[in-house]
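For reference, the chains in residue letters:
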Amino acid sequence: MKYKESHTLILNNIARFIDLTELEKQKYLSLLTEIKVKKKAFLMQAGDVAKYEYFITKGCLKVYTLDEDGAPHISMFAVEDYWTGDIASFMMKKPTPYFIKATEHSELLGISRANYDLLFQEIPKFEKFYRILYQKSLISYIQRSNHGISLTAEERYIEFKRKYPQIVNRITQKDLAGYIGITPEFMSKIISKVNRM
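Values in this document were obtained by computation on a predicted structure and should not be read as measured data.

Turning to helix 6 (residues 153-163), a few remarks are in order. Those residues of helix 6 that sit buried are Ala153, Glu154, Arg156, Tyr157, Glu159 and Phe160. Lining the buried residues of helix 6 we find strand 5 (72-79), helix 5 (126-150), helix 7 (173-180) and helix 8 (184-196).

Given below as structure tokens:
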């Protein structure tokens, strides 16, 4: 069957971990909602209850919190073929502390909580897929936390460039600083130094 580009992208993502029959693919796709977010618009704001888990088919979004001084602390960037959202808010139906904002015009596929639960009932192998997805997310979170403690800001920047080459040129220096955990001015000095190496 011929699928839309966005559907092919998500099905290929899923195929890394589980095999689906043609009927299962069609059922899964029927449970998804297409969502468009304009550049600088919010997909979710602190205090909202997450209604969806999202898969990015086009664009770039940043996930962040604000500290008491209003400074952003970016926990991740999500681009094509990435999943994003707040799983704790989504699962527990509690307000999120996160903002998710589009840094580019973005298109996503979302699965609601009701359809997520229905998916597990109708296609149980998706439990394996989401288990692997959440394990990989947890491992990434632990590694990022360890890097925040054990690496210098320069080393964190070099690691970010190495790990996310598809993102580094799509985000502002200010957002990159918010991810690394330093001021934009210090970020500028690090970028200049690393580029001279």
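Moving on, we come to the side chain of Thr103. Within the element layout of this structure, Thr103 appears in the loop between strand 7 (99-102) and strand 8 (106-112). Not counting residues within four places of it along the chain, the set of residues in contact with Thr103 comprises Lys39, Cys60, Leu61, Lys62 and Asp175.

Glancing now at helix 1 (residues 5-15). Three or more residues of helix 1 are buried, namely Ser6, His7, Ile10, Leu11, Asn13 and Ile14. Buried residues of helix 1, viewed axially, fall in a sector of 155 degrees; they line one side. As for helix 1, its buried residues are in contact with helix 2 (22-30), strand 1 (32-37), strand 3 (52-58), strand 6 (83-84), strand 8 and helix 5.

According to the stated counting rule, one finds 20 aromatic pairs in the structure shown. Taken together, the ring pairs in this structure connect Phe17, Tyr28, Phe55, Trp83, Phe90, Tyr116, Phe120, Phe126, Phe129, Tyr130 and Tyr134 into an aromatic cluster. Seen from the ring of Tyr179, Arg144 lies directly overhead, with NZ or CZ sitting 3.7 Å from the centre.

Let us look at the pattern of salt bridges. Going through the model one piece at a time under the given rule, you end up with 10 salt bridges. Taking the shortest distance from any N to any O, the salt bridge between Glu122 and Lys27 comes out at 3.2 Å. Placement of Glu122 in helix 4 (residues 113-122) and of Lys27 in helix 2 is noted, with a sequence separation of 95 residues between them. Given a relative accessible area of 42%, Glu122 falls into the partly exposed group. Note on Lys27: relative accessible area 28%, which makes it partly exposed. Beyond isolated ion pairs, a larger network of salt bridges with shared partners links Glu80, Glu104 and Arg170.

For the rest of this paragraph, the subject is the pairing of strand 3. For strand 3, the tally of buried residues reaches five of seven residues, placing the bulk of the element in the interior. Of the pairings in the sheet, the one linking strand 3 to strand 8 comprises six bridges and is antiparallel in character. What sits directly across from Lys58, in strand 8, is Glu107. Here two bridges tie strand 3 to strand 6, and the two strands are oriented antiparallel to one another. Considered in strand 6, the bridge of Phe55 is made with Trp83.

Thresholds, definitions, all that
Residues numbered from 1 in each chain as written. Predicted model: local features only at pLDDT ≥ 70, side-chain atom pairs only at ≥ 80, totals over all residues. Heavy atoms only, no water. Buried < 20%, exposed > 50% of the residue type's maximum accessible area, 1.4 Å probe, protein only. Helix = DSSP H or I, 4+ residues; strand = E, 2+ residues; numbered from the N terminus. Contact = heavy atoms within 4.5 Å. Arc of directions from axis to C-beta. Phe/Tyr/Trp six-rings, centres within 6.5 Å; stacked < 30°, edge-to-face > 60°. Lys NZ or Arg CZ within 6 Å of the ring centre and 35° of its normal. Salt bridge = Lys/Arg side-chain N within 4 Å of Asp/Glu carboxyl O. Pairing = 2+ DSSP bridges.

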